[in-house]
There are 2 protein chains.
Amino acid sequence: MIQFKRLALPLLICCSTPAVAEDTVGQRLASQGDTARGIPACASCHEPDGGGSEPIGSARLAGQNSVYLQRQIEHFRSGRRDNPIMTPWANQLTASEIVAVSDYYAGLRPATHASVPKGVDPRTGAELALFGDWQDRGLPGCVQCHGPNGSGVGEGFPALAGQPYAYLRNQLTAWMQDRRSGDPLGLMKGVASRLTKDEASLVAAYFAAMPITSGGLEKSGTPSDSAKHLPAASPTSAGLHSETIPELADIPAGRAPTSQGYFRPPARSERPDGPFGEMVALGEAIFRQTDTHPDSAPHVGNGQTCRNCHLDAGRLANVSPMWAAWVSYPAYRGKSHRVDTLTSRIQGCFTYSMNAQDSATGEPPDADSRTIVALLSYSYWLATGAPTGDRGIPGRGYPDIEEPAGGYDARRGEDVYQANCAICHGEDGAGARKDGISVFPPLWGPNSYNWGAGMHVIDTAAAFIRHMMPLGGSIALSDQDAWDVSAFINSHERPQDPRFTGDLDETAERFHGGRYDLYGTPSALDGHRLGAGTPAATAKAEGN
Amino acid sequence: MIQFKRLALPLLICCSTPAVAEDTVGQRLASQGDTARGIPACASCHEPDGGGSEPIGSARLAGQNSVYLQRQIEHFRSGRRDNPIMTPWANQLTASEIVAVSDYYAGLRPATHASVPKGVDPRTGAELALFGDWQDRGLPGCVQCHGPNGSGVGEGFPALAGQPYAYLRNQLTAWMQDRRSGDPLGLMKGVASRLTKDEASLVAAYFAAMPITSGGLEKSGTPSDSAKHLPAASPTSAGLHSETIPELADIPAGRAPTSQGYFRPPARSERPDGPFGEMVALGEAIFRQTDTHPDSAPHVGNGQTCRNCHLDAGRLANVSPMWAAWVSYPAYRGKSHRVDTLTSRIQGCFTYSMNAQDSATGEPPDADSRTIVALLSYSYWLATGAPTGDRGIPGRGYPDIEEPAGGYDARRGEDVYQANCAICHGEDGAGARKDGISVFPPLWGPNSYNWGAGMHVIDTAAAFIRHMMPLGGSIALSDQDAWDVSAFINSHERPQDPRFTGDLDETAERFHGGRYDLYGTPSALDGHRLGAGTPAATAKAEGN
């Protein structure tokens with residue numbers, strides 16, 4: 001039996017942070033500095049609790065990831081961060097002092113210092129902070145990487161919540177002006193270049209005013225079992241579960257095509273009041289946090305959400321937007337050998353991409369369940385104004401991508417993955433969660449989509465990767481890289497196809513066999529037959 | 001307990017037709033005439049089998065309704081039918097001879113004489129014959145009144161199938177030119193005036209070529225039980241159950257607005273091939289014959305079909321067209337206190353308008369049943385090109401109608417009903433069926449919509465009646481007449497509200513009480529409390 005490989009997670013290094021009391025070197029540097037070497041106490045600028053200072057514009061260090069902090073000290077030394085105050089002191093610290101002081105601050109429980117200049121309404125930046133502006137600028141929301149409420153994710157994505165406003169604004173400006181670098185894949189340059197200076201100030205104000213709700217510790221992989229069996233929320237409690245959505249009535253409700261010429265769904269600010277609007281909001285909440293939302297979680301058997309495959313919560317063209325799905329169904333599908341309504345199509349997403357077989361109920365939601373009604377309402381509302389039946393509406397599905405002349409190579413894809421994908425999805429492909437919420441989806445293993453999902457087919461995933469990954473557009477993979485890394489990802493085990501007949505040959509014959517479908521073929525990585533060693537099968541074998 | 005009133009049905013008079021052998025007077029006139037009085041044998045022009053003659057252009061009499069035939073002889077005498085050959089002979093017949101010869105021909109089993117001039121493709125007239133042209137001309141299909149395949153319905157609507165082509169064409173021309181009258185409500189003048197002469201020829205050819213499938217006998221009221229429990233048809237057998245739909249690829253597929261400026265759904269000829277098109281066809285078949293179609297019949301507890309309330313099979317503006325429904329749902333509804341999808345909205349139609357509680361299953365079809373998928377597919381396809389979410393799309397629902405200044409009066413409505421409605425819907429409101437298929441829907445009594453259906457509310461039914469009834473537009477009721485007759489219709493008993501709590505006061509309080517909702521109030525016709533004497537309740541009381 002093939003064992004499912006679980007690698008150690010460097011992403012989780014902060015879990016090994018020593019308790020504060022033991023960390024005398026770090027504590028001493030933080031509170032007293034080293035007068036003999038002319039190093040002042042960190043606290044003199046960053047405040048005794050490590051919360052940062054608004055007048056000085058210094059960062060909150062408390063609760064940040066230790067590896068992230070260590071890297072920043074390295075960046076002051078190397079000049080990647082251009083800071084005349086920090087650089088001389090950073091240059092004096094030894095390697096072990098850098099670790100010690102970083103560990104010290106990572107272990108501090110941060111307090112919230114709300115610090116927004118008068119006259120700035122922190123809610124004004126919420127739309128950009130939470131949702132970005134994918135349609136016109138390819139700009140992801142900050143929380144897409146920095147986690148729910150900007151609480152920080154792993155070593156790559158620091159906490160933004162409760163940072164001093166001046167610090168956040170200055171850093172965004174530094175990225176815009178090329179005075180800061182060294183972040184993963186240069187993502188922040190791509191993001192900051194898409195913001196105006198005024199917008200940067202608004203986004204900074206939004207996070208500066210955000211209460212610090214997380215100690216900075218994160219876990220990866222499985223959503224907590226406790227989150228899976230919550231009682232159903234009342235319809236009036238609909239809203240973006242764990243994400244604060246303010247009223248944004250002043251955001252203009254333009255319905256012109258996007259800057260790329262695609263259909264533009266209504267703005268969130270146009271969502272109507274009353275029970276229908278609440279149902280739409282419930283649909284968006286389920287769409288965003290399918291694996292933990294009390295309505296949908298009992299039907300999700302892995303760590304996936306709808307928005308993992310439908311970016312910008314189903315709004316964005318060329319990543320299977322829901323407005324295009326709404327106008328395209330009912331339709332006959334070869335996969336199901338029947339006319340699917342959008343209801344049964346969505347049930348298919350639960351069955352395959354969200355692996356319902358391993359969920360609490362073992363099934364997708366019923367056709368008349370509140371989950372389905374909410375997802376239909378949300379999709380319908382997103383499609384407002386789109387012509388019914390326009391199955392050729394531009395931006396539907398994923399763009400086609402041709403196989404490179406020289407084919408593809410999963411082993412070559414491993415290098416692409418480790419260089420470009422692992423920072424978010426983990427070296428073991430298990431993704432990342434924060435505060436119980438999925439931030440980066442698992443790509444293989446027991447919490448990923450199963451062998452029946454569309455994304456297991458190489459060209460489908462290659463198209464998605466080529467056009468959308470990594471987020472933010474700071475770099476773009478080549479077609480070749482996208483094919484290679486898609487083959488790498490899909491050469492790993494994942495939950496069994498729910499149509500599994502009990503026989504791999506028969507299942508492969510009946511439901512697979514497409515040119516870019518690796519199910520039933522030997523993995524290019526270790527030679528085992530894909531589909532034969534699903535995590536579930538392994539778990540069962542171990543249980544015997 | 002109030003007894004449910006059942007009147008004798010003059011519509012069914014042909015059921016009492018004596019057997020041929022006994023009818024010596026009629027038979028003698030038909031085969032020999034009366035030489036002494038200069039009356040030739042009817043057979044000399046109408047042929048020995050009563051099938052009519054193409055060269056002469058004489059009518060098929062065999063199998064026609066006797067009362068219809070008697071009236072035609074009266075019309076030759078009165079000049080309502082302008083026919084120099086028939087008039088002198090008709091004038092000589094005694095009243096008893098008129099009945100005798102009519103009864104004789106009504107009892108003959110007609111044979112089909114296909115008689116279409118060369119070069120005329122009888123299928124070309126099918127679209128007008130079967131479906132009319134409601135959208136641009138307010139023209140119902142011929143079969144709407146003349147019954148499935150034009151086999152004739154009651155004393156008002158003679159059989160068209162298998163009539164000689166020349167006869168049908170000449171009669172349509174006679175109506176166009178005001179040379180024939182005397183039909184119920186002058187309907188045929190309204191219809192014929194909307195046809196071109198060429199179209200009249202094509203329609204005539206269509207029916208001339210139609211095989212005679214019915215002996216002319218009809219029953220009213222309940223669909224036969226045998227039709228209710230047929231096995232489910234395979235998807236590929238979809239089609240207009242008992243109505244032949246030819247391929248009409250040459251009908252232009254214009255998508256301009258209708259002549260009235262309303263949205264125009266795609267033409268039937270545009271229906272795509274393949275499984276989706278088959279599902280659309282299945283949806284239309286279910287829509288047309290909901291109470292007998294094997295898929296939907298187990299969920300229909302009365303004699304209603306979708307198209308009874310949604311004329312032109314859900315295509316026509318201002319009678320709740322399905323294209324408008326498609327773009328209007330999901331939506332919150334006060335009636336259900338929830339966000340309804342089109343699925344649950346359609347289930348509501350089964351629950352109330354089609355009285356599912358008394359059906360074989362006792363329930364509306366499941367949300368993922370083939371019936372629902374087919375009806376959704378049909379509605380979606382009808383809405384092709386309509387803007388998603390346009391709940392204000394012109395032609396949605398029924399037009400508003402204001403209560404007349406002097407109110408309304410159910411007793412006055414009875415006169416309106418008997419003068420204008422009874423010819424089709426029957427004096428007892430039980431409607432008419434032909435060959436097992438609903439032609440004119442029941443309006444009250446055990447086979448009508450129940451007390452939960454929208455149509456039981458006076459203003460809703462008044463709007464429908466005012467704008468759509470009688471079909472064909474030869475006459476129009478006044479607002480006052482429409483309100484009065486709606487009050488009359490809805491002052492009769494009908495199946496119980498399925499939300500009935502066991503207590504009339506409580507049910508009326510919780511689910512009724514609108515200004516134009518008579519449930520729980522004393523009937524203006526006989527003073528009994530409406531809802532207290534439902535047919536089902538009566539039946540149960542009788543059973544004890």
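Remember, it's a predicted structure, so these values are computed and weren't measured experimentally.

The rules behind the values
Each chain carries its own residue numbering, running from 1 in the written order of its sequence. Both sets of labels track the order of writing: A upward for chains, 1 upward for ligands. Under the rules for a predicted model, residues below a pLDDT of 70 receive no local features and side-chain atom pairs below 80 are neither given nor counted, while totals for whole chains, interfaces and linings still include all residues. Think of the side-chain values as coming from all heavy atoms in the structure, minus any hydrogens and water. Numbering of helices and strands runs from the N terminus, with a helix taken as a DSSP run of H or I at least four residues long and a strand as a DSSP run of E at least two residues long. Summary of the burial criterion: residues with accessible area below 20% of their type's maximum are buried, those above 50% are exposed, and those between are partly exposed, where the area comes from a 1.4 Å probe applied to protein chains only. Contact between two residues is taken to exist if any of their heavy atoms lie within 4.5 Å; hydrogens are not considered. Only the protein chains shown count as cover for residues, and all accessible areas are computed by the Shrake-Rupley method using a 1.4 Å probe. Only the stretch in contact is used when a helix axis is fitted, and all axes are lines through C-alpha atoms; the angle between N-to-C directions ranges over 0 to 180 degrees. Here the angle decides the label: under 35 degrees means roughly parallel, over 145 means roughly antiparallel, 65 to 115 means roughly perpendicular, and every other value means oblique. Each residue receives one of three labels: charged for Asp, Glu, Lys and Arg, nonpolar for Ala, Val, Leu, Ile, Met, Phe, Trp, Tyr, Cys and Pro, and polar for the others, Gly being one of them. Take the accessible area each of two parts loses on contact, using a 1.4 Å probe, and add the two losses: that sum is the buried area. For this analysis, a salt bridge means a side-chain nitrogen from Lys or Arg found within 4 Å of a carboxyl oxygen belonging to Asp or Glu. To superpose the copies, least squares is applied to the C-alpha atoms of every residue with a pLDDT of at least 70 in both. Values of pLDDT, ranging from 0 to 100, describe the predictor's confidence in every residue of the model. Patches here: salt-bridge-free residues with over 30% relative accessible area, like charges joined within 9 Å, nonpolar side chains (Val, Leu, Ile, Met, Phe, Trp, Tyr) joined within 5 Å. Charged residues are defined here as Lys and Arg on the positive side and Asp and Glu on the negative side; His and the ends of the chain fall outside this count. Lysine's charge is taken at NZ, arginine's at CZ, aspartate's at CG and glutamate's at CD. Two rings belonging to Phe, Tyr or Trp (six-membered ring only in the last case) form a pair when the distance between their centres is within 6.5 Å. Interplanar angles under 30 degrees mark stacking, angles over 60 mark edge-to-face geometry, and anything in between is tilted. Charge over a ring is defined by NZ of Lys or CZ of Arg lying within 6 Å of the ring centre and within 35 degrees of the ring normal. The pairing criterion for strands is at least two bridges between them, as found by DSSP. Pairing of N or O atoms within 3.5 Å defines a polar contact, subject to two protein rules: one partner must be a possible hydrogen donor and the other a possible acceptor, and residues neighboring in sequence count only if both atoms are side-chain atoms. Side-chain atoms within 4.5 Å link the members of a nonpolar core, which is a set of buried Ala, Val, Leu, Ile, Met, Phe, Trp, Tyr and Cys residues.

Peer 1: How should I be thinking about the overall build of chain A in this particular structure?
Peer 2: The helix and strand tally for chain A stands at 24 helices and four strands. Within chain A, the proportion of its 544 residues that are buried is 58%. In chain A, once contacts between residues fewer than 6 apart in sequence are set aside, the share between residues at least 24 apart is 72%. Taken as a whole, chain A presents about 21,300 Å² of accessible surface, with 53% of it coming from carbon and sulfur.

Peer 1: In this structure, what is going on with the packing of helix 13 (residues 274–288) of chain A against helix 18 (residues 370–382) of chain A? I would like to understand it.
Peer 2: To describe two helices that pack against each other, one gives the angle between their axes and the distance between the axes. All names here are of chain A. One can describe the packing of helix 13 onto helix 18 by two numbers: an axis separation of 7 Å at closest approach and a directional angle of 105°. With respect to helix 18, the axis of helix 13 lies roughly perpendicular. Contact with helix 13, carried on its side by Phe 276, Met 279, Val 280, Leu 282, Gly 283, Glu 284, Ile 286 and Phe 287, involves Arg 370, Thr 371, Val 373, Ala 374, Leu 375, Ser 377, Tyr 378, Tyr 380 and Trp 381 of helix 18 and no other residues of that element. Of the residues that constitute the contact of helix 13 with helix 18, the class distribution is twelve nonpolar, three polar and two charged.

Peer 1: Help me understand the interface of chain A and chain B in this model?
Peer 2: Frequently, the measure chosen for interface size is the accessible area that the parts lose on association. Taken together, the contact between chain A and chain B spans 26 residues of the former and 26 residues of the latter. For the pair chain A and chain B, the summed buried area comes to about 2,100 Å², and 68% of that belongs to carbon and sulfur atoms. Interface area lost by chain A to chain B is led by A:Val339, A:Tyr380 and A:Thr388, which between them contribute 32%. Along the contact surface separating chain A from chain B lie zero salt bridges.

Peer 1: Where do I start with the relation of the copies chain A and chain B in this structure?
Peer 2: The operation relating the pair of chain copies consists of a rotation about an axis and a translation along that axis. Taken as rigid bodies, chain A and chain B are interconverted by a rotation of 180° and an axial shift of 0.1 Å, the fit giving an RMSD of 0.1 Å. Viewed as a symmetry operation, the transformation between the two copies matches a two-fold axis. Minimal C-alpha distance to the rotation axis in chain A is attained by A:Pro387, lying at 2.3 Å. Residue by residue, 100% of the interface of chain A is reproduced at the interface of chain B, so both copies engage with the same surface.

Peer 1: Can you help me understand the confidence of the model for chain A in this one?
Peer 2: Caution applies to low-pLDDT regions: their predicted coordinates should not be interpreted in detail. Residues and elements named next belong to chain A. Chain-level statistics for chain A give a pLDDT mean of 86 and a share of 86% at 70 or above. Scored below 50 in pLDDT, residues 1–21 makes 44 contacts in the model with residues more than four places away or belonging to other chains. Under a pLDDT of 50 for its full length, residues 536–544 has, in the predicted model, six contacts with residues more than four places off or in other chains.

Peer 1: Quick question: what am I supposed to make of a negative patch on the surface here?
Peer 2: Among the surface-exposed residues, A:Glu363, A:Asp366, A:Asp368, B:Glu363, B:Asp366 and B:Asp368 lie close enough to one another that they form a single negatively charged patch. Assessed through its relative accessible area of 46%, B:Glu363 is described here as partly exposed.

Peer 1: Any chance you could explain the packing of aromatic side chains here in plain terms?
Peer 2: Aromatic rings in a pair are described by how distant their centres are and how their planes are angled relative to each other. Per the stated rule, a full pass over the model turns up 31 aromatic pairs over all chains. Cluster of aromatic residues (ring-pair linked, three or more members): A:Phe276, A:Trp326, A:Tyr380, B:Phe276, B:Trp326 and B:Tyr380. Over the face of the ring belonging to B:Tyr352 we find B:Lys335, whose NZ or CZ atom lies 4.0 Å from the ring centre.

Peer 1: Help me out: how do you make sense of helix 22 (residues 479–489) of chain B in this one?
Peer 2: Residue and element names in this part refer to chain B. Counting buried positions over the eleven residues of helix 22 gives eight, a clear majority of the element. Listing the buried residues of helix 22 in full gives Ala 482, Trp 483, Asp 484, Val 485, Ser 486, Ala 487, Phe 488 and Ile 489. For helix 22, the secondary structure elements touched by its buried residues are helix 19 (410–420) and helix 21 (458–468).

Peer 1: Any chance you could explain unusual backbone geometry here in plain terms?
Peer 2: Glycine aside, a negative phi is what most residues show, and trans is what most peptide bonds show. All names here are of chain A. Cis geometry is found at the peptide bond from Tyr 329 to Pro 330, where omega equals 5°. Within the secondary structure, Pro 330 is located in the loop between helix 16 (322–328) and strand 1 (331–333). Located in the positive-phi region is Leu 185, a residue other than glycine, with phi close to 60°. Take Leu 185: it is sitting in the loop between helix 9 (165–176) and helix 10 (187–192).

Peer 1: How should I be thinking about the pairing of strand 4 (residues 437–440) of chain A in this particular structure?
Peer 2: Side chains on a regular strand alternate between the two faces of the sheet. Residues and elements named next belong to chain A. Where strand 3 (residues 432–434) and strand 4 come together, three bridges link them in antiparallel fashion. Counterpart to Lys 434 in the pairing with strand 4 is Ile 437. Taken together, strand 3 and the strand that follows it, strand 4, pair antiparallel across an intervening segment of two residues, in which Asp 435 is found at a positive phi of about 50°.

Peer 1: Can you help me understand the side chain of A:Arg180 in this one?
Peer 2: All names here are of chain A. Looking at where Arg 180 falls in the secondary structure, it is placed in the loop between helix 9 and helix 10. Buried and unpaired, Arg 180 has no salt bridge, with Asp 183 as the nearest side chain of opposite charge at 6.7 Å. At a separation of 2.9 Å, a polar atom in the side chain of Arg 180 contacts the side chain of Gln 171. Contacts of Arg 180, omitting those with residues within four sequence positions, involve Tyr 68, Gln 72, Arg 80, Arg 81, Tyr 167, Gln 171, Ala 174 and Trp 175.

Peer 1: Teacher, can you tell me more about helix 17 (residues 342–351) of chain A here?
Peer 2: Helical geometry note: an α-helix holds 3.6 residues per turn, so side chains three or four residues apart project in the same direction. Residues and elements named next belong to chain A. Buried residues dominate helix 17, accounting for seven of its ten residues. Turning to helix 17, its buried residues are Leu 342, Thr 343, Ser 344, Ile 346, Gln 347, Gly 348 and Phe 350. Where the residues of helix 17 are buried, they touch helix 16, strand 2 (338–340) and helix 18.

Peer 1: I tried to follow the nonpolar core on my own but got confused; where do I start?
Peer 2: Judged by nonpolar contacts, the single largest core of 72 residues is most densely connected at A:Trp323, A:Trp326, A:Ile346, B:Trp323, B:Trp326 and B:Ile346. At the level of elements, helix 13, helix 16, helix 17 and helix 18 of chain A together with helix 13 (274–288), helix 16 (322–328), helix 17 (342–351) and helix 18 (370–382) of chain B are the ones that each hand at least two residues to this core.

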